[in-house]
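Now for the letters of each chain:
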Amino acid sequence: RRVLLLGEGNFSFAASLCGAPGIHVVATCYESEEEVSGRERAAESIRRLRERGAEVVFSVDCTKLKDYFLPEKGEFDCIYFNFPHCGRKAGVVKNRLLLARFFHSSAEVLTEDGEVHVALCNGQGGTPADQPRREWHNSWQIVAMAAGAGFILSNVHPFKAETIHGYKCTGYRSQDKSFCVEGALNHIFTRSMPLPYFKPMICEIELESRKVSFQVPEVLVDKINRGFLELNSNHPVRTIKEKLTAELSQVFPLQNIEYCLSLLHQGHLNGVCDSNIFWIVLSPEETPSTEEMSSGLANAVLFSHVNFCGDTDKNVWVNVQRHVSKQYYLRPSLLPYAQAVIQRGAFLPGTLHVLSGPVFRKCLITPYSMPVFHEMVVVCAVNSGKENTCIQMLVNHIKTSIYSLHHTVSGFKLNINLQKATSFETTELNDFAVFESHLSKIQYLICMELDSSGSCEKGSCVGIIRIGPYELVSSELVAVFASLNLDLLAMLICGIPDWRMLWTSDTRFLSQFPRGELRLFKNFSLYPPSYVHDVSFWVPDGEQFDEVAFHTIARRVSGEMVISIQLVDSFRQPETGRKSLCYRLTFQSCDKALSRQEVAEMQL
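Residues numbered from 1 in each chain as written. Predicted model: local features only at pLDDT ≥ 70, side-chain atom pairs only at ≥ 80, totals over all residues. Heavy atoms only, no water.

Pairing within the open sheet is antiparallel, and its three strands lie in the order β22-β24-β23. Two strands in the sheet have a free side with no partner beyond their single neighbour: β22 (531-539) and β23 (562-572). On average, each strand axis in the sheet is inclined to that of its neighbour by 20 degrees, with strand direction left out of account. Here nine bridges tie β22 to strand β24 (residues 579-587), and the two strands are oriented antiparallel to one another. Each bridged residue has a counterpart across the sheet, and for Tyr531 the counterpart in β24 is Phe587. (Pairing = 2+ DSSP bridges. Helix = DSSP H or I, 4+ residues; strand = E, 2+ residues; numbered from the N terminus. Axes fitted to C-alpha atoms, helices over the stretch in contact; angles between N-to-C directions.)

Here's what the structure looks like:
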């Protein structure tokens with residue numbers, strides 16, 4: 001491994017590393033050899049380095065590394081920069097700039113999977129790891145400076161100078177004087193995956209015995225057809241689904257519904273608002289010409305605010321007499337498919353029928369609101385009057401399975417409660433439970449808590465139970481449905497703090513779950529920087545503002561980098577009656593480097 005050390009004051013740190021097996025040290029400093037040699041311990045350290053085969057280079061500017069180290073000599077596996085400083089009484093702004101330029105320079109000489117180690121005095125970095133923590137504006141903002149060059153903070157630990165043999169810090173205010181390193185931290189950075197720039201995506205499916213294609217809504221391009229539930233998948237979502245199914249099969253006869261469930265659905269869903277659905281308009285084989293679409297021919301109908309081909313928000317004119325189009329939408333629930341199963345003659349009373357797959361819903365941006373997640377629906381028909389016994393058995397074995405999964409992963413105490421849906425106001429529930437309550441009446445909520453409070457906190461509802469008023473093969477039978485949000489279960493069981501992490505393309509996520517094992521997730525992007533922007537606009541008089549549509553635009557434009565949208569002010573102009581809204585948007589990535597400049601472009 002080639003290791004580069006920058007800004008060495010007296011080369012004592014480099015000398016402590018030199019001689020370790022499998023490491024080639026390149027030690028540098030900003031000053032000339034004559035300037036450094038007079039410092040205490042410097043001459044001895046330089047001599048030891050050269051004797052052990054290390055390279056010692058002087059007058060190296062850490063912001064222009066490619067000028068000193070040619071690519072043919074090989075890139076570096078690790079770069080150390082201990083206690084960088086512009087010198088003398090330079091303030092936080094100058095030192096931020098130094099860090100920003102250093103990270104950009106490091107990116108040009110570092111291997112793809114290399115690390116950058118930066119040690120800072122207590123408080124300088126500005127992360128929660130600093131104790132006490134400085135206010136952000138008074139710190140060096142190291143995670144934001146690194147993000148500008150495509151780096152994320154993957155680890156941070158104390159810089160223990162006393163454990164480094166022969167090390168002595170020097171350079172206080174550009175002098176040969178030591179400084180306080182008590183509480184200092186070593187920040188370890190790795191390269192981030194680049195921010196995605198999605199191209200339009202066409203999805204081909206079979207629908208009503210014919211092949212059709214449609215353009216995927218841009219906000220879902222990186223989430224459709226990911227195959228998390230397929231046989232060769234190691235994704236924790238699949239593991240949880242398989243474990244739950246295996247546990248239930250120990251008690252109930254069980255049948256997996258394996259046939260393909262169409263991504264597209266047609267028809268009205270009771271209680272579901274159109275603004276919560278990703279609409280898809282499939283045109284017939286004979287497509288109207290541009291002239292016909294734009295001329296507003298007689299007998300044409302205006303489909304207003306429909307996502308034509310799932311992408312652009314346009315008013316689409318279709319000539320009804322000559323060109324009949326059908327309106328479809330991406331399935332927001334597997335419940336209609338479960339209803340279809342129980343109405344088939346092949347449905348077996350007393351047998352659990354299991355369906356699973358991704359579902360798609362437009363929703364507000366909140367920590368537990370997902371525009372796509374994997375749903376598992378379990379449906380069973382029992383004799384009328386025995387539905388409560390079935391529910392209790394079903395929930396008990398779901399709880400047993402979840403407890404077992406959680407116990408193998410974490411030592412935290414887990415609480416799972418079955419609570420009556422009537423006990424809660426809609427405002428107390430997460431979007432998953434609210435949406436399900438709109439589909440049809442729900443009787444119980446399955447809530448998970450990592451403490452003993454027993455309360456149903458926002459986000460903790462991972463499943464719902466409903467008794468279906470659906471027509472069955474026999475009037476003596478009653479259908480019991482259980483719907484589970486597998487993504488929320490994976491987050492709570494494995495300690496995954498952000499739903500977006502489930503969809504990351506960074507291999508450091510799935511590598512933590514080899515062969516489908518469930519483990520406590522270790523975050524590889526710590527303390528990511530956040531950026532706040534405001535936006536204000538007029539709402540036309542008399543027009544209802546669709547907040548879900550606004551949040552969906554924010555998701556699409558930012559590539560899911562907006563984590564919070566808050567209404568901070570509203571104003572009505574007395575003279576005209578026009579209404580103005582002001583929203584505050586917070587941008588933050590969970591797995592990628594996100595710079596201030598990139599966020600500014602998203603905001604524009």
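The seven strands are arranged β10-β16-β17-β21-β20-β19-β18 in an open sheet whose pairing can be described as mixed. Here the strands that pair on one side only, and so sit at the sheet edges, are β10 (254-256) and β18 (415-420). Direction aside, neighbouring strands of the sheet carry axes that sit 20 degrees apart on average. Across nine bridges, the pairing between strand β17 (residues 372-383) and strand β21 (residues 477-485) is antiparallel. Bridge pairing in β21 places Val378 opposite Ala482. Where helix α8 (residues 335-342) meets the sheet, its contacts fall on β16 (352-360), β17, β20 (461-468) and β21, and the angle it forms with β21 comes to roughly 150 degrees. (Contact = heavy atoms within 4.5 Å.)

Residue placement: Ser32 occurs in the loop between β2 (24-28) and α2 (33-37). The buried category is assigned to Ser32, whose relative accessible area is 19%. For Ser32, the residues in contact, after removing those within four places along its chain, are Phe58 and Ser59. (Buried < 20%, exposed > 50% of the residue type's maximum accessible area, 1.4 Å probe, protein only.)

Quick look at the side chain of Ser45 now. With respect to the helices and strands, Ser45 occurs in helix α3 (residues 42-51). Other than its neighbours up to four places away in sequence, Ser45 contacts Asn10, Phe11, Ser12 and Ala15.

With that out of the way, let us pick up the packing of aromatic side chains. Following the criterion strictly, the structure yields 25 aromatic pairs and no others. Taking 5.1 Å as the distance between ring centres and 80 degrees as the angle between the ring planes, the aromatic pair formed by Phe83 and Phe159 counts as edge-to-face. Residue Phe83 is located in the loop between β4 (76-82) and α4 (92-107), and its partner Phe159 is located in the loop between β6 (151-158) and β7 (185-191); the two are separated by 76 residues in the primary sequence. Judged by relative accessible area, Phe159 falls into the buried class, the value being 9%. Here the aromatic rings of Phe545 and Phe550 are separated by 5.8 Å at their centres, their planes lie at 50 degrees, and the arrangement is tilted. Directly above the aromatic system of Trp538 lies the positively charged group of Arg578, at a separation of 4.0 Å from the ring centroid. (Phe/Tyr/Trp six-rings, centres within 6.5 Å; stacked < 30°, edge-to-face > 60°. Lys NZ or Arg CZ within 6 Å of the ring centre and 35° of its normal.)

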